Amino acid sequence: MIQLNQGVKQKIIVIFLILLTSLVGTGCDVNSMLSMSQGNFKVYNNGEVISSISYKDMEVTDTKAEEKIAKVGTYNQLLSILYSMNYIWNPSRKAGGQDDIVSSSDEAGFDKGYSETNTQVSGVDEADIIKTDGNYIYYLYDGELYIFDISQELPDLVSRTKVSDDNRALYNMYISGDILVLCGSKYEVFNNRLDSSKSYADYDFDSEYPRHSFTVYAVYDLSNRKSPNLKRLVEIEGNEISSRLIGDNLYFVTNKSLYPVFDSKVNDYEILPMYRDTASSKAAKIIQPADIWYFPGSQEAQYLLMGTLDITKDEVVVPQAYLGSGEDIYMNTNSLYISKEIDQPRSQQDVSTSEAVEFFLSTEIYRFAIDGRDIKFVGNAKVDGSLINQYSMDEYNGILRVATGTYTDGNGVTTIDVNTMKPIASISGLAVGERIYSVRFIGDVGYMVTYRNVDPLFVFDLSNPAKPLKTGELKIPGFSQYLHPIGTQYLVGFGRNTEEKFDIDEDGEKVSTGEVTDLGFKLSLFDVSDLYNPKEVFVKNYSEGSYSPADHYPHSIMVDAKNNIFAFPIIIEDDRYDNRKTGTVVKIDPSSGLTTLADVKGYTYEIFDARFCYGNDKLYFLADGSITVYSYPECEFIDSTFFY
């Protein structure tokens, strides 16, 4: 292939742009000039945009949800929808327009002899930087995939494969047998140039050509662990919201943002989502308007893309596209839920007036039924307030439970019928002026932690969805940002230890100043066997300044449910360098409390990339290019070595 220097490249680009501008100015058809490897990009003038679109013009495809979803249909209909969202700018437009589900509490039930990623729902895997299958450890570190053989006394580095580069970053993974899937992202530039042979890296990101973000799933064959073989790349436009693996099916959800169009021309690559699956072609493909779904009334000028990848086969992935967006997902073996915060006026009729409108926060939740590779929209529900993360949602016995809160109106839980997606009942107004820090649902019981100066742990009896009850409340210093069940009678809280500040008033009484001091990381064991009287039975406060990703990123916690052992990275400072700790292993026994089995000493700059895992009767701690080995479950030190 002929190599051109940078100066020649720039001249070619300038000449091409001048030619294109002259053609457009004379009204010539430039479709032929917009030819790219994936097909012709079309150009539309804003004058073609029709002023309105009625629901009856859309193709209704689901009679059960006929008032909730429809196909976009034609290009003009898509342009009209985006126009109504103010995505396409028009200078003449006036401003101000208008079955039983597996519970999250279920343990794996079968001790495989090695650790698995700490997930919300049993049987639904979540991506992380480390995985093990009992014979090997797979670890993503600094853009490379490391595979260690742990079948022997000490781990042996089998292979080291560079998987990320300047164009692509892979930072999470799934493992299933001899198939490894790496998850990540890349950027690509699509523009109206004739020569599409060059990569986006040849062009200036600050030019008029916008970058397009793609979520990447790279499928590797691990039949030979010494030489992982990249079999396939699946690239979905947009930033990944999240993904899940059930059996051999990987489910993904991405969000493609649209940049406002102020030009008189609109190109396909600006308003239509793209994808690529090398199982069929290396060329990117465009999802056409006839295949895009639309929620009438939605004002989200974005795309929600979702689909399923069978990681063991070469069946081509074609994502579903919806005009909309999402933030958090909850998924079990039958359902996928996607949540999205929205601001809404309290009085709809006030929108068209010039008076100030008071807005409040609410959350839209969409449910999709899962059947193998099939994903089908079922319905949506709206609840007041916002969610903190995926743990705010949980489905049990045909009921979706959602924990939401607002600073002004307080916090609570709503129950929703999953078949109709209609709210059944709710509890609201709890802890006004406080925010939710953690939520966990276990069977028909819910737990919520809110915080401002002290930590109320609320307990909810949700056995009757029509009459949810707040049964118990416990106020203690500090707060828990993640709750993990031990059976059905105990909870472990990962969070912060705090101390409320007080002043003495003129009567000699203590008065809160409204301020608190953060004293470091904290582990709590709660006895929740009595729904009306939760208790903090044991607590371990770490030193001031200690911190850990475990309090807000559950994947960083290794959980051994059989032995009630928890291991997680943590920074514990010490005046002596050789006493500084970067990881800890804790056994939590409801009868005897919290016992530290081992502390990893050392220094790490990348605590969020540190992980524990166990297998072959050994415990492994990987951080900063080193691997430390302990016996397991005794946790006696064996060896430590660098692999990077």
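Fair warning: this is a prediction, and the values are worked out from it, not measured in the lab.

Describing the overall build of the protein
Along its length, the protein carries three helices and 44 strands. Across the 644 residues of the protein, 53% fall into the buried class. Only carbon and sulfur atoms are counted for the fraction: they give 46% of the accessible area of the protein, which is about 28700 Å².

Some remarks on the environment of Tyr 391
The topology assignment puts Tyr 391 in the loop between strand S24 (374–384) and strand S25 (393–396). Once the C-alpha coordinates of Tyr 391 and Val 439 are considered, the two residues, 48 residues apart in sequence, prove to be 5.8 Å apart. In this structure Tyr 391 touches Thr 119, Gln 120, Val 439, Arg 440, Phe 441, Tyr 482 and Pro 554, once residues within four positions along its chain are discounted.

Structural notes on the sheet that holds strand S4 (residues 70–71)
Reading across the sheet, the six strands line up as S4-S18-S20-S19-S14-S13 and stay open at both edges, with mixed pairing between neighbours. Looking at which strands have only one partner, the edges of the open sheet turn out to be S4 and strand S13 (239–246). Across three bridges, strand S18 (residues 292–294) lies against strand S20 (residues 320–323) in parallel orientation. In the strand pairing of S20, Trp 293 is matched with Tyr 322.

Description of the environment of Met 331
By the element assignment, Met 331 lies in strand S21 (residues 328–331). If we skip the residues at most four places from it in the chain, Met 331 touches Val 121, Val 124, Arg 244, Ile 246, Tyr 251, Leu 336 and Ile 370.

Some thoughts on the confidence of the model for the protein
When pLDDT is averaged along the protein, the result is 82, and 77% of the positions lie at 70 or above. Predicted confidence for residues 192–208 stays below pLDDT 50, and this span has 33 contacts to residues more than four positions away or in other chains. Note that residues 348–352 has pLDDT below 50 and, in this model, four contacts with residues that lie over four places away or in other chains.

Let's talk about the packing of aromatic side chains
Scanning the entire structure with this criterion turns up 30 aromatic pairs. Note on Phe 612 and Phe 621: the rings are 4.5 Å apart at their centroids and 40° apart in plane angle, and the pair reads as tilted. Here Phe 612 matches Phe 621 in class, with each residue buried. An aromatic cluster is defined as three or more aromatic residues linked by ring pairs; in this entry it consists of Tyr 391, Tyr 482, Phe 494, Phe 521, Tyr 542, Phe 566 and Phe 568. Positioned above the aromatic ring of Trp 293 is the side chain of Lys 71, whose terminal nitrogen or guanidinium carbon lies 4.6 Å from the ring centre. The lysine or arginine in question, Arg 435, covers the ring of Tyr 437, its NZ or CZ lying 4.3 Å from the ring centre.

A closer look at the pairing of strand S28 (residues 422–430)
Where strand S27 (residues 410–417) meets S28, six bridges bridge the pair, whose relative direction is antiparallel. Bridging from a neighbouring strand, Thr 414 pairs with Ser 426 of S28.

Structural notes on the sheet that holds strand S43 (residues 626–631)
A sheet is described by the order of its strands in space; here four strands give the open sequence S41-S42-S43-S44, paired in antiparallel fashion. In the strand order of this sheet, the two ends are held by strand S41 (611–615) and strand S44 (637–642), each with one partner. Shown here is a sheet whose adjacent strand axes are inclined to one another by a mean of 20°, direction ignored. The sheet contact formed by S41 and strand S42 (residues 618–623) spans five bridges and is antiparallel.

Calculation criteria
Residues numbered from 1 in each chain as written. Predicted model: local features only at pLDDT ≥ 70, side-chain atom pairs only at ≥ 80, totals over all residues. Heavy atoms only, no water. Helix = DSSP H or I, 4+ residues; strand = E, 2+ residues; numbered from the N terminus. Buried < 20%, exposed > 50% of the residue type's maximum accessible area, 1.4 Å probe, protein only. Areas by Shrake-Rupley, 256 points an atom, 1.4 Å probe, with all protein chains shown as cover. Contact = heavy atoms within 4.5 Å. Pairing = 2+ DSSP bridges. pLDDT = per-residue confidence, 0-100. Phe/Tyr/Trp six-rings, centres within 6.5 Å; stacked < 30°, edge-to-face > 60°. Lys NZ or Arg CZ within 6 Å of the ring centre and 35° of its normal. Axes fitted to C-alpha atoms, helices over the stretch in contact; angles between N-to-C directions.

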